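One letter stands for each residue in the lines below.
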Amino acid sequence: MKVGPGYRRLMADADDRCLPLSVTLELGQACNLRCVHCYNFDRELSRHPDPARRDELSEEELHRVIDEVRVEGALFLTLTGGEPMSHRGLPRLVEHAARSGMLVRVKTNGTLMTSDRVERLARAGLRAVDVSLYAATASIHDAFVRSEGAFDRTLTGVRNARQEGLEIRLSFVMSSANEHQLPSMIDLAHAMEIPFSVDTLITARHDGTTSSSLLALDGPALERLYRGPLAPFVKPTRRGEDRIACPCARSVCGIGSSGDVYPCIAAPLPCGNVRTLSFREIWSESPQLRWIRGLRNEDFEACSSCDHSRFCRRSSGTMLTDTGSFTGPSRFGASARCAEAEIVHRLSESGT
């Protein structure tokens, strides 16, 4: 769905009323690629190291969860993984959600979007796909996802999705391996006439390992990007009086593949499990979700007193994963987000 004023008003109203308007649902942890930065777990392992995360929801349970979130007000459902295109029940899940009145999108690496599969999903009611792309050249992209030929398969999948009339958005995750490629990546998106998003942050993984962070952009790299291809984003992201907290637990939430409900899919803070409680009970009664909804700006101690806060793209999930604190950053360490905010603020004031 294309984001416009109507969508933003809808999300703002849901945020005020604490309605889970946008839900992200993990279908499983399996993936056909082994991306070096994967936030779920180290893909050098054959499966998730936490046994509790291996007990994935059955297709029947996933259908029940879709019904439960819809009843609570969900209108936008994002299916993710792992690689959701590898889930056998994906067409049935898409059809179920679409028939219930939800707009369904899938986050995918695109390599499994064959013409037959995309056609079936489009018939089932799929509206949009977010496709991850890590370079503008096959050699760098394929090395990042550790699969030869992945770049070409991804672009073929994008073309198949376009043929079926699906909305497409490219998701660029920047790292030390590809930051020099961003101008070419943007050129590629423009040539294909496909909108894109850029994420400048790589976090630690949800399994507690941190080797992915070795790929994170440092200050000089971030400054190069914001002096170059990201110059249009050198501007404030919020007004001083705006709420620091992101929409976690208010208008968005995530549900992990083993049934844990999270404030959002990027914030792995278990708030209850849909196998033991209904989604309604968790959403309305979870102490963790209630605590998050009650947070005030002053509860984000380091952020509320920061001179660069208006220029920060802070994510509570990122802070939780990297520092262990939902209201971080920690007093004892600098976050890449903090460095980015300082750079953007400085460049904004200097006019460069």
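Residues numbered from 1 in each chain as written. Predicted model: local features only at pLDDT ≥ 70, side-chain atom pairs only at ≥ 80, totals over all residues. Heavy atoms only, no water.

Novice: Kindly report on the overall build of the protein chain, identifying the contributing residues and their values.
Specialist: Helices and strands together make up the secondary structure of the protein chain, namely 14 helices and 8 strands. Taken against the 2.2 N^0.38 rule, which gives 20 Å for 352 residues, the C-alpha radius of gyration of the protein chain at 20 Å falls within 12% of a compact globule. Principal-axis analysis of the C-alpha atoms gives the protein chain an extent of 55 × 50 × 40 Å. Across the 352 residues that make up the protein chain, the buried fraction comes to 51%. Across the protein chain, contacts joining residues at least 24 apart in sequence account for 71% of those joining residues at least 6 apart. (Helix = DSSP H or I, 4+ residues; strand = E, 2+ residues; numbered from the N terminus. Rg over C-alpha atoms; globule rule 2.2 N^0.38 Å. Buried < 20%, exposed > 50% of the residue type's maximum accessible area, 1.4 Å probe, protein only. Contact = heavy atoms within 4.5 Å.)

Novice: If you had to explain the side chain of Arg314 to someone new, which residues and values would you point to?
Specialist: With respect to the helices, strands and loops of the structure, Arg314 is situated in the loop between helix H12 (301-304) and helix H13 (316-323). With no salt bridge to any partner, buried Arg314 finds its closest opposite charge in Asp299, at an N-O distance of 11 Å. A polar atom in the side chain of Arg314 sits 2.7 Å from the side chain of Ser316. Within the structure, the side chain of Arg314 is placed 2.9 Å from the backbone oxygen of Phe326, a separation counted as a polar contact. Once you skip the residues sitting within four places of it in the chain, Arg314 turns out to touch Ile244, Phe300, Cys303, Met319, Phe326, Thr327 and Gly328. (Lys, Arg positive; Asp, Glu negative; His and termini not counted. Salt bridge = Lys/Arg side-chain N within 4 Å of Asp/Glu carboxyl O. Polar contact = N/O pair within 3.5 Å; in protein donor to acceptor, adjacent residues only side chain to side chain.)

Novice: Let's hear about the packing of aromatic side chains: which residues, and what values?
Specialist: As enumerated under the stated definition, the model contains 5 aromatic pairs in all. Between Tyr7 and Phe76, the aromatic rings sit 5.2 Å apart at their centres with planes inclined by 70°, giving edge-to-face as the arrangement. A residue pair is termed long-range when its members are at least 10 positions apart, and Tyr7 in helix H1 (residues 5-17) and Phe76 in strand E2 (residues 76-80) qualify at 69 residues. Note on Tyr7: relative accessible area 22%, which makes it partly exposed. One cation-aromatic arrangement involves Arg293 over Trp283; the distance from NZ or CZ to the ring centre is 4.4 Å. (Phe/Tyr/Trp six-rings, centres within 6.5 Å; stacked < 30°, edge-to-face > 60°. Lys NZ or Arg CZ within 6 Å of the ring centre and 35° of its normal.)

Novice: Give a detailed account of the pairing of strand E5 (residues 167-173), specifying residues and quantitative values.
Specialist: Of all 7 residues in E5, 5 are buried, a share of seventy percent or more. Both strand E4 (residues 128-133) and E5 contribute to a ladder of 6 bridges, which runs parallel. When the bridges of E5 are listed, Val129 appears paired with Ile168. In this region the chain leaves E5, passes through helix H8 (residues 182-192) and returns to the parallel neighbour strand E6 (residues 196-199); the handedness of that crossover is right-handed. (Pairing = 2+ DSSP bridges. Right-handed = clockwise from strand over helix to strand, strands pointing away.)

Novice: Could you give an account of unusual backbone geometry, naming the residues involved and the relevant values?
Specialist: Residue Gly82 is bonded to the preceding Gly81 through a cis peptide linkage, with omega at 20°. Position of Gly82 relative to the elements: it lies in the loop between E2 and helix H4 (90-99). Even without a glycine there, the phi angle at Cys18 is positive, about 55°. As for its placement among the helices and strands, Cys18 is situated in the loop between H1 and strand E1 (22-26). Here the phi dihedral of Glu193 falls at roughly 55°; this positive angle occurs in a residue that is not glycine. Considering the arrangement of structural elements, one finds Glu193 in the loop between H8 and E6. You can call Glu193 exposed: its relative accessible area is 67%.

Novice: Now, about the pattern of salt bridges: what can you tell me, with residues and values included?
Specialist: In this structure the tally under the stated criterion is 26 salt bridges. Its salt-bridge partner being Arg243, residue Asp15 comes within 2.4 Å of it at the nearest N-O pair. With Asp15 in helix H1 and Arg243 in the loop between helix H9 (219-227) and strand E7 (252-255), this residue pair connects regions lying 228 residues apart in the sequence. When the shortest N-O distance is used, the salt bridge between Asp15 and Arg250 registers 3.3 Å. Of this pair, Asp15 sits in helix H1 while Arg250 sits in the loop between H9 and E7; the two residues are 235 residues apart in sequence, bridging distant segments of the chain. Residue classification places Arg250 among the buried positions, given a relative accessible area of 13%.

Novice: Which residues make up the environment of Arg346, and what values do they have?
Specialist: Note that Arg346 resides in helix H14 (residues 336-350). A sequence separation of 295 residues divides Arg346 from Pro51, and the C-alpha atoms of the two residues are 46 Å apart. Filtering out sequence-adjacent residues up to four positions away, Arg346 remains in contact with Glu223 and Arg227.

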